[in-house]
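# Fold and contact review
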Amino acid sequence: MPEKYSQPLAAILGANIVGRRQLMGMNQAELAARLDIAPDALSRIENGYTAPRFNRIEQIASILECSPAELFREPFSGVRSNTVYLEELLRQLSPQQQEKLLAIMTHIVNMLHET
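Described below are features of the structure shown in this document. The structure displayed is predicted, hence computed values, not measured ones.

### Focus: unusual backbone geometry
- Positive phi is not limited to glycine here, since Asp36 has a value of about 60 degrees.
- In this fold, Asp36 is placed in the loop between helix 2 (28–35) and helix 3 (39–46).
- Accessibility expressed as a relative area gives 70% for Asp36, which makes it exposed.
- The residue Glu65 is not glycine, and still its phi comes out positive at about 55 degrees.
- Position of Glu65 among the secondary structure elements: in the loop between helix 4 (54–63) and helix 5 (78–91).

Structural data, given as structure tokens:
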């Protein structure tokens, strides 16, 4: 079995909740308050000790502005979280705007390689 799938599902869910929460600049207490649960209950979810019910997963996904499925993908990493963030930004733009932004980003990346 590949390493990325060897973690228990609750641990993957928890790691992704932490990653999304941090990506949004939210601390654990803030997310717990929005979920109307105790911070220690959220901590148990984030650490993979307990698994929330489906309706709670949907609520968490809504607050973290992602799909429930995104919370079950391989755990967030720095590059992955940046990629997801960029993808979400691109979705807000029209196809023409996306092309313009990608051209600008390509130009910036090429400039950074030159330095």
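### So, helix 2
- Those residues of helix 2 that fall on the buried side of the exposure criterion are Leu31, Ala32 and Leu35. For helix 2, the arc enclosing every buried residue in end-on projection is 100 degrees, short of the 170-degree limit, so these residues lie on one face. Opposite the buried face of helix 2, at more than 90 degrees from it, the exposed residues are Ala33 and Arg34.
- Looking at the packing, one finds that the buried side of helix 2 touches helix 1 (9–23), helix 3 and helix 4.

Definitions and cut-offs
Residues numbered from 1 in each chain as written. Predicted model: local features only at pLDDT ≥ 70, side-chain atom pairs only at ≥ 80, totals over all residues. Heavy atoms only, no water. Helix = DSSP H or I, 4+ residues; strand = E, 2+ residues; numbered from the N terminus. Buried < 20%, exposed > 50% of the residue type's maximum accessible area, 1.4 Å probe, protein only. Arc of directions from axis to C-beta. Contact = heavy atoms within 4.5 Å.

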